[in-house]
Each structure stands twice: as structure tokens, then as C-alpha cells.
Amino acid sequence: MSPEFFLYLPCGSGRAVFEHFLAKSSLVCIPLAQEEEGVAILGGLSLAKRRAVMMIQDTGLGNAMTALTTFARAYHVPLFIVATRTGGGREINSAVHDYSDRLPQMLTAAGLHHELLDARLPVSRWAQRLVDLQRYAHVSHQPVIALVDLRWD
């Protein structure tokens, strides 16, 4: 169930992942200007029965919250979003820490299914877990967000 479309808002924390997807010639890559724009495009692709994934920073979920809750969740549109975690010891933007730390609770309060992938799950198992989460979005007819913590070396 590999994606046909890769939507992304470029950022440093997901650079290695972006480069992996951008190197695939069989994949249509769509850069985004804003996260809510991505929700709209991702939703249209989903309704057209196309396989797509969007990758953004977790802080961008705040920008996308209205579109996620009033469009995708309200109308049971299956979306799969990978959001790279921000914050932590290397984060230079002090405004990010509070937001990123509280994001899982905000997603829960909004009724958005999410799961954290971090060092507790071996990286060798991440690919299968991401496939499982994408499948879950489609069988449950709801947005699913993978919060991916790439902050450790």
C-alpha cells in the first residue's frame, strides 16, 4: 500500500525522509505552502481513491486543526499524516517546546487518532507500523497522525 503522492512542507527535522521520497521517480511529490492546504489536497486525493501521505512538522498541526476537524474528521475522510516532532534539547525556537509537549493531549481532545513513534519502538519496525497506521486511516475512515520523533541520533 505504498503512496502514489507525497505532500510535504519542507523542514530540517525531516530532511532525510524528504530526500528519500523525493528520490523516488514513481512518486508524485507536492510541496505545500501551508498545512491546511495539505489537508485539502490530501482529502481530495483520498476521496478520489488515490494513495497519499502528508509529512509536516508537529507544530503545523495547529495550523491544520480546523481543516482536520471540520472537514476530514467530520466527513470521515481517511487521511494519513506523518508529523515530525519538534522541541527537545536541540530545539532553538523557545516557542515550540510548550506546544509540542502538549500536542498529544490536544489531538486527543480534538478526537484525532495519533500514535507516537520514538526510541521505544526499534526503527527497524517503524516502516511496518507506518503502513499499519495508513491502513487504519482507510479502514476507520478517519485522519490518522503518526508523530515521528527523529530528534535522537
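Nothing here was measured: the structure is a model prediction, and the numbers come from that model. (Residues numbered from 1 in each chain as written. Predicted model: local features only at pLDDT ≥ 70, side-chain atom pairs only at ≥ 80, totals over all residues. Heavy atoms only, no water.)

Chemist: Hey, could you go over the pattern of salt bridges for me, with residue numbers and the actual values?
Modeler: As enumerated under the stated definition, the model contains 7 salt bridges in all. Among the ionic pairs, aspartate 58 bridges to arginine 85, the shortest N-O distance being 2.9 Å. Of this pair, aspartate 58 sits in the loop between strand E3 (52-57) and helix H3 (60-73) while arginine 85 is found in the loop between strand E4 (79-84) and helix H4 (94-109), placing the two residues 27 residues apart along the sequence. With relative accessibility at 8%, the residue arginine 85 sits in the buried group. A salt bridge links arginine 120 to aspartate 118; its shortest N-O distance comes to 2.8 Å. Sharing partners across several salt bridges, the network here consists of Glu115, Arg129, Asp132 and Arg135. (Salt bridge = Lys/Arg side-chain N within 4 Å of Asp/Glu carboxyl O. Helix = DSSP H or I, 4+ residues; strand = E, 2+ residues; numbered from the N terminus. Buried < 20%, exposed > 50% of the residue type's maximum accessible area, 1.4 Å probe, protein only.)

Chemist: I'd like a rundown of the side chain of aspartate 58, residues and numbers included.
Modeler: Residue class for aspartate 58 comes out buried when judged on its relative accessible area of 0%. Within the structure, aspartate 58 has its side chain in polar contact with the side chain of threonine 86 (distance 2.6 Å). Setting aside residues no more than four positions away along its own chain, aspartate 58 makes contact with Ala83, Thr84, Arg85, Thr86, Tyr99, Ser100, Leu103 and Leu147. (Polar contact = N/O pair within 3.5 Å; in protein donor to acceptor, adjacent residues only side chain to side chain. Contact = heavy atoms within 4.5 Å.)

Chemist: Quick rundown of the packing of helix H2 (residues 35-47) against H3? Include the residues and the values.
Modeler: Across the interface, H2 lies against H3 with an axial gap of 7 Å and an inter-helix angle of 40 degrees. In this view, H2 runs oblique relative to H3, as classed from their interaxial angle. By crossing handedness, the relation of H2 to H3 is classed as right-handed. The segment H2 lies against H3, with Glu35, Glu36, Val39, Gly43 and Leu47 engaging Gly60, Asn63, Ala64, Ala67, Leu68 and Phe71. (Axes fitted to C-alpha atoms, helices over the stretch in contact; angles between N-to-C directions. Parallel < 35°, antiparallel > 145°, perpendicular 65-115°, else oblique. Left-handed = near helix turned anticlockwise from the far one by under 90°.)

Chemist: Kindly report on the sheet that holds strand E1 (residues 5-8), identifying the contributing residues and their values.
Modeler: Across the sheet, 6 strands lie side by side as E2-E1-E3-E4-E6-E5; this open sheet has parallel pairing. In the strand order of this sheet, the two ends are held by strand E2 (28-31) and strand E5 (113-117), each with one partner. Neighbouring strand axes in the sheet, compared pairwise and without regard to direction, differ in orientation by 20 degrees on average. Bridge analysis of E1 against E3 gives 4 bridges, and the strand direction is parallel. In the strand pairing of E3, leucine 7 is matched with methionine 54. Along the sheet, H2 contacts E1, E2, E3 and E4; its crossing angle with E3, the most-contacted strand, is approximately 170 degrees. Along the sheet, H3 contacts E3, E4 and strand E6 (143-148); its crossing angle with E6, the most-contacted strand, is approximately 160 degrees. (Pairing = 2+ DSSP bridges.)

Chemist: Requested: an account of the pairing of E3, with residues and values cited.
Modeler: Taking burial as the measure, the 6 residues of E3 include 5 buried ones, the bulk of the element. Tracing the backbone out of E3, into H3 and back to the parallel element E4 gives a crossover that is right-handed. (Right-handed = clockwise from strand over helix to strand, strands pointing away.)

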